[in-house]
Amino acid sequence: MAQVVSKEFVGSLVPVGATVMVGGFLKCGTPQGLIEAVIQSGAHDLTLIANDTCFPDSGRGRLIVEKRVKRALVSHIGTNPETGRQMQAGELHVELIPQGTLAERIRAGGAGLGGVLTPTGVGTVVEKDRRVIEVDGRRFLLETPIRADVALIYGTRVDRFGNVAFTGTTRNFNPVMATAADLVIVEADCLTPEPLDPDEVVIPGLFVDYIVVKEDQNA
Amino acid sequence: MLDKERARRIIARRVAAEFQDGDTVTLGIGLPTEVSNYIPAGVHVMTQGENGILGIGPVPDDMHADVRVTNAGGALVTINPGGCYFDSVTAFGMIRGGHINAVVLGALQVDEAGNLANWIVPGKRVPGMGGAMDLVVGAQRVIIAMEHTAKGEAKILKKCTLPLTATGEVDLIVTEKCVMNVCPGGGLILTELSPLVSLDELRAVTGADFTVSPRLKTMNAD
């Protein structure tokens, strides 16, 4: 069963050089408190797997600005000029991945698949270094699974069993990332005293290892 | 020379006329998002956001704004009745799986073969492709909404020079000067021309060959 822990404890779970998935789409559905905990722990040389590098002053962007990331696998960096600067300066290696392909590679990593075949990227630079496999006359790229040491995810309502429910568009990459890391930590807007309605659960609790309750309920 | 605001209005309104009642569409950031302001009365369209929302509603006032409800550009939005939320895997299943009737995106360049370049200017601007590559490959219909030129340079070309987003996927190009169809297998057909532009003037700012439809229409340029 999932364990409720402090933000400080989370820092000790992310070692130097770890591969870290972080949920969120720009600011929405981002575990901001967990990100700050990792920064405070001093972890660096991280590999970041995320949709985007958010903004310089928030979300995953803070990890970039604080120079904790050496490699980023993301679909979009346009909202954070610092990511582009570090990339051009050779301080940060950025691998841009089409958003749907990123989601499916993580899904494959979490679901025990050897990869996925996608038409996305055929005939573009994405095709470079990829195996092309033809199925019924159509060309697909073989995209390999992605996993992480730790996934930092967000949940709107979380119960003590680790079950997670969401409000609005906060789901994004959080549910799939919960399946694809050795250790999964969820930052809960609200830790519910009663178990969640089973019909409401989006992330089954078995995927979640640790729960951190968000400190500033207004942030 | 049209002012920018009017040019954008002409483009957004013309793209909106492409939608059929009951369509599900995905609109890119910027000008494509403005298309939702011009959907004709009686045409009901569900707008999808790849961040995990179907049925995007109007921008909320301060009273109703919720930071947990955004579009793919990160802007606060609302959700219309019948709408729903989902995760990124489902969002891209909808997109790649051909469940979206039309996607509207901007372009840096588009060419005679229906190739699109809209995600990178190497060495200058490297925002990343986000969901664009999946959208262009997966949507049933790809509509490009863009100003005809950038700083006087043609954007409709014989062959894109920038790295591609996808090959041969563009179906329709709408600018403030014209509407062009991309034929299956390649080739552009001019179907509508702005009353503010002559055919020769259009050719002068277009870097590709095109044929003129025998049923050429005049575009609304208000």
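Below you will find a few notes about this structure.

Conventions used here
Residues numbered from 1 in each chain as written. Chains lettered and ligands numbered in written order. Predicted model: local features only at pLDDT ≥ 70, side-chain atom pairs only at ≥ 80, totals over all residues. Heavy atoms only, no water. Helix = DSSP H or I, 4+ residues; strand = E, 2+ residues; numbered from the N terminus. Rg over C-alpha atoms; globule rule 2.2 N^0.38 Å. Buried < 20%, exposed > 50% of the residue type's maximum accessible area, 1.4 Å probe, protein only. Contact = heavy atoms within 4.5 Å. Areas by Shrake-Rupley, 256 points an atom, 1.4 Å probe, with all protein chains shown as cover. Lys, Arg positive; Asp, Glu negative; His and termini not counted. Charge placed at Lys NZ, Arg CZ, Asp CG, Glu CD. Pairing = 2+ DSSP bridges. Disulfide = S-S within 2.5 Å. Phe/Tyr/Trp six-rings, centres within 6.5 Å; stacked < 30°, edge-to-face > 60°.

## Points about the overall build of chain B
For step 1, the next point in the chain: For chain B, the helix and strand inventory stands at 5 helices and 15 strands.
For step 2, the next point in the chain: Taking 17 Å as the expected radius of gyration for a compact globule of 222 residues, we find that chain B reaches 17 Å, a close match to that expectation.
For step 3, the next point in the chain: C-alpha extents for chain B along the principal axes are approximately 50 × 35 × 30 Å.
For step 4, the next point in the chain: The 222 residues of chain B split such that 52% are buried.
For step 5, the next point in the chain: Counting only contacts in chain B whose residues sit at least 6 apart along the sequence, the fraction spanning at least 24 positions is 62%.
For step 6, the next point in the chain: As displayed, chain B offers around 9900 Å² of accessible surface, 52% of which is attributable to carbon and sulfur atoms.
For step 7, the next point in the chain: Within chain B, one finds 19 positive and 24 negative side-chain charges whose respective centroids are separated by 5 Å.

## Points about the sheet that holds strand S6 (residues 109-111) of chain B
Residues and elements named next belong to chain B.
For step 1, the next point in the chain: Here 3 strands make up an open sheet; going across it, the order is S7-S6-S11 and the pairing mixed. Whereas interior strands pair on both sides, the edge strands pair on one side only; in this sheet they are strand S7 (116-117) and strand S11 (156-157).
For step 2, the next point in the chain: Strand direction decides the pairing type here: S6 and S11, joined by 2 bridges, are parallel. Considered in S11, the bridge of Asp 111 is made with Leu 157.

## Quick notes on the state of the cysteines
For step 1, the next point in the chain: Counting across every chain of the model gives 0 disulfides over all chains.
For step 2, the next point in the chain: Summary of cysteine pairing: A:Cys28 is not part of a disulfide, and the nearest cysteine sulfur, belonging to A:Cys54, is at 10 Å.
For step 3, the next point in the chain: Cysteine B:Cys160 shares no disulfide, and the gap to the nearest cysteine sulfur, in B:Cys178, comes to 15 Å.

## Quick look at the packing of aromatic side chains
All names here are of chain A.
For step 1, the next point in the chain: This model, assessed by the stated rule, comprises 2 aromatic pairs over all chains.
For step 2, the next point in the chain: Centroid distance Phe 9 to Tyr 210: 5.4 Å. Interplanar angle 70°. Geometry classified as edge-to-face. On the criterion of sequence distance, the pair formed by Phe 9 in helix H1 (residues 7-11) and Tyr 210 in strand S12 (residues 210-213) is long-range, its members being 201 residues apart.
For step 3, the next point in the chain: Given a relative accessible area of 15%, Tyr 210 falls into the buried group.
For step 4, the next point in the chain: Aromatic pair Tyr 154 and Phe 166: ring centres 6.4 Å apart, planes at 40°, arrangement tilted. Placement of the pair is Tyr 154 in strand S9 (residues 148-158) and Phe 166 in the loop between strand S10 (164-165) and helix H6 (174-177), with a sequence separation of 12 residues.

## Observations regarding unusual backbone geometry
Residue and element names in this part refer to chain A.
For step 1, the next point in the chain: Even without glycine at this site, Asp 136 takes up a positive phi of about 50°.
For step 2, the next point in the chain: Here Asp 136 shows up in the loop between strand S7 (132-135) and strand S8 (138-143).
For step 3, the next point in the chain: Here Asp 136 falls in the exposed class, since its relative accessible area comes to 82%.
For step 4, the next point in the chain: At Asn 172, a position not held by glycine, the phi torsion is positive, near 30°.
For step 5, the next point in the chain: Here Asn 172 is to be found in the loop between S10 and H6.
For step 6, the next point in the chain: Judged by relative accessible area, Asn 172 falls into the buried class, the value being 0%.

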